[in-house]
Amino acid sequence: MTSGFGTPAYDVSHLIGGGVLLLSFVMLYQRRIGAVINVFAVQGALLACAAAWQGYVQSAPELYLTALIAFGAKAVAIPLALRLLVGRLGLHKAVETSIGIGASLAAAIGLVGLSVLVVLPVTAGGATPLARVDLTIALSVVLLGMLAMIARRNAISQVIGLLTLENGLILAAVGVAGMPLVVELSTAALVLMVALVAAVVVFQIRDRLDTLDTHVLDRARGDS
């Protein structure tokens, strides 16, 4: 299937990728941990749709397996584990932020603009229009994941920011034709390991400081 401007491949891929990016904005806007987890789960489902669509566009059946793994991990397993963690720790409350919601959204818009300025000139003449847009959206999702980690003070919210960042990496991987399946599976395995380590860190913070506000760590080491 062709992937130029105005083709079904381009339009559908752009729509799904745009949805993944939009949910990164929605995640930054949410004020409660439960809502953040729900948005992350929907983003994981859209990520699976993006992988499945790229499997169809690229005639790459292995991407259907990637889509299945992404859906199982990002839309079901990880959100469920996070909900159980929130319930166990009794964290049904507002998300603590380091910077305001408005400032976070303004910074997010700036990061999307930066992604456009970086990716489009670099890929000019060396990639299909579909791949260029996919990579631009993927970099935007990565940067917004980093922003979520910086803008939030709650440890679980920061873990979700890390996982959102990884969603952008997977989106970039599936958007590049010929990406080996082993690379995608290795990335997924790495993320699961990071999530397990992050969960251990969350429990350690909770046990030692009786809070998940990472700002407490600054006061513990003498910072204002």
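Looking up the protein in an unreviewed UniProt entry gives the name Hydrogenase-4 component E, with the organism given as Falsiroseomonas bella. On record in UniProt, under Subcellular location (unreviewed entry), the comment for the protein is "Cell membrane".

Q: Describe in detail unusual backbone geometry, supporting the description with residues and values.
A: The backbone phi angle of serine 59 is positive, close to 55 degrees, even though this residue is not glycine. A relative accessible area of 62% means that serine 59 is categorised as exposed.

Q: Please provide a residue-by-residue account of the UniProt feature "transmembrane region" (unreviewed entry) in the protein, values included.
A: With numbering aligned to this structure, UniProt lists the feature "transmembrane region" (unreviewed entry) at residues 12–29, 36–57, 63–86, 98–124, 130–150, 162–182 and 188–205. From the first C-alpha to the last, residues 36–57 spans 31 Å; its make-up is 100% helix and 0% strand. As annotated, residues 63–86 comprises 100% helix and 0% strand, and the C-alpha atoms at either end are separated by 32 Å.

Q: Hey, could you go over a nonpolar patch on the surface for me, with residue numbers and the actual values?
A: A cluster of nonpolar side chains, Leu65, Leu68 and Ile69, forms an exposed patch at the surface whose accessible area comes to about 260 Å². Note on placement: leucine 68 falls in helix α3 (residues 62–89).

Cut-offs used in this document
- Residues numbered from 1 in each chain as written.
- Predicted model: local features only at pLDDT ≥ 70, side-chain atom pairs only at ≥ 80, totals over all residues.
- Heavy atoms only, no water.
- UniProt positions renumbered as here; feature names shortened; annotations may be inferred.
- Buried < 20%, exposed > 50% of the residue type's maximum accessible area, 1.4 Å probe, protein only.
- Helix = DSSP H or I, 4+ residues; strand = E, 2+ residues; numbered from the N terminus.
- Patch = residues over 30% accessible without salt bridge, like charges linked within 9 Å, V, L, I, M, F, W, Y side chains within 5 Å.
- Areas by Shrake-Rupley, 256 points an atom, 1.4 Å probe, with all protein chains shown as cover.
- Salt bridge = Lys/Arg side-chain N within 4 Å of Asp/Glu carboxyl O.

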